[in-house]
Amino acid sequence: MPSSSPTFLLQSPGTEAEFSAYFDLRWRILRQPWQQPRGSEQDELESSSFHLTAVCDQQVVGVERLHSPSPKTGQVRYMAVSPQFSRRGIASQILMALETQASSQGLQELRLNARETALGFCRHHLLG
Ligand SMILES: CC(C)(COP(=O)(O)OP(=O)(O)OC[C@H]1O[C@@H](n2cnc3c(N)ncnc32)[C@H](O)[C@@H]1OP(=O)(O)O)[C@@H](O)C(=O)NCCC(=O)NCCS
């Protein structure tokens, strides 16, 4: 069982195996519960996006993606955390790192596509 403060690393996937683990978590959290096929967790923007994972004990436990739909705007999508690791600050840590990345790319506005299941998370970040 994870401790209340798991040690995790934030890292961008680089190898084929790392991308595979990254897309697998996306699929398991965001697509499998709705019987969506493998592959549906990816879109045409993957190669031009910035990807970040949280890795704990060599397992990908959290993922998010940043892409830029217009020159000054960033958009965060595919935010997912393994249920065993929820409410440990993992999505928040990844989001903060994506904010830093967006800023370094000169983006001035960051959008987050949210499902109803993420409203509590969004309220926390918007309202503090
Ligand atoms: C939404 C999700 C990414 C949040 O990840 P997480 O790592 O658990 O989030 P954090 O621990 O960083 O949460 C930070 C704060 O957001 C709020 N929050 C997070 N999940 C919440 C929930 N289910 N209900 C209410 N508030 C929530 C809390 O205020 C929390 O702080 P606290 O735990 O100290 O109270 C994760 O629950 C998930 O993957 N859900 C299923 C997939 C999904 O809905 N993805 C979003 C698509 S837009």
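Residues numbered from 1 in each chain as written. Predicted model: local features only at pLDDT ≥ 70, side-chain atom pairs only at ≥ 80, totals over all residues. Heavy atoms only, no water.

## Some remarks on the overall build of the chain
Looking only at helices and strands, the chain features three helices and five strands. Order of helices (α) and strands (β) in the chain, N terminus to C terminus: β-α-β-β-β-α-β-α. Relative to a compact globule of 128 residues, whose C-alpha radius of gyration would be 14 Å, the chain shows 14 Å and is just as compact. Dimensions of the chain along its principal axes, counting C-alpha atoms only, are 40 × 35 × 30 Å. A total of 128 residues make up the chain; the buried ones form 38% of that total. In the chain, the proportion of contacts linking residues at least 24 apart, taken out of those at least 6 apart, comes to 62%. A total accessible area of about 7800 Å² is found for the chain, and carbon and sulfur atoms account for 50% of it. (Helix = DSSP H or I, 4+ residues; strand = E, 2+ residues; numbered from the N terminus. Rg over C-alpha atoms; globule rule 2.2 N^0.38 Å. Buried < 20%, exposed > 50% of the residue type's maximum accessible area, 1.4 Å probe, protein only. Contact = heavy atoms within 4.5 Å. Areas by Shrake-Rupley, 256 points an atom, 1.4 Å probe, with all protein chains shown as cover.)

## What to know about the site of the ligand
Around the ligand, the structure places 20 residues, and the nearest of them are Met79, Arg87, Gly89, Ser92 and Thr117. One of the backbone N or O atoms of Gly89 is found 2.8 Å from an oxygen atom in the ligand. Calculation on the ligand without its partners gives an accessible area of 910 Å², and the protein chains cover 74% of this total. Elements with a minimum of two residues in the shell around the ligand: helix H1 (16–30), strand S4 (73–81), helix H2 (90–104) and helix H3 (119–127). For the shell around the ligand, a count of residues per class yields 10 nonpolar, seven polar and three charged. (Near = heavy atom within 4 Å. Polar contact = N/O pair within 3.5 Å; in protein donor to acceptor, adjacent residues only side chain to side chain. Nonpolar A, V, L, I, M, F, W, Y, C, P; charged D, E, K, R; others polar.)

## So, unusual backbone geometry
Here Asp57, not a glycine, exhibits a phi torsion of approximately 50°, which is positive. Turning to its location among the elements, Asp57 is positioned in the loop between strand S2 (50–56) and strand S3 (59–70). By relative accessible area, Asp57 is classed as exposed at 70%.

## A word on the nonpolar core
Counting 19 residues, the largest nonpolar core has Ala54, Val61, Phe85, Ile90, Ile94 and Leu98 as the members making the most contacts within it. Residue assignment for this core shows that the elements contributing at least two residues are S2, S3, S4 and H2. Top contributing element to this core by residue count: H2, with six residues. Counting residues in each nonpolar core, the second largest holds nine residues, with Phe23, Val60, Val63 and Tyr78 among its members. (Core = buried A, V, L, I, M, F, W, Y, C linked by side-chain atoms within 4.5 Å.)

## Re the side chain of Glu64
Take Glu64: it is sitting in strand S3. No salt bridge is formed by the buried Glu64, whose closest oppositely charged neighbour, Arg65, lies at an N-O distance of 11 Å. If we skip the residues at most four places from it in the chain, Glu64 touches Tyr22, Phe50, His51, Leu52, Val76, Arg77, Tyr78, Met79, Ala91, Ile94, Leu95 and Leu98. (Lys, Arg positive; Asp, Glu negative; His and termini not counted. Salt bridge = Lys/Arg side-chain N within 4 Å of Asp/Glu carboxyl O.)

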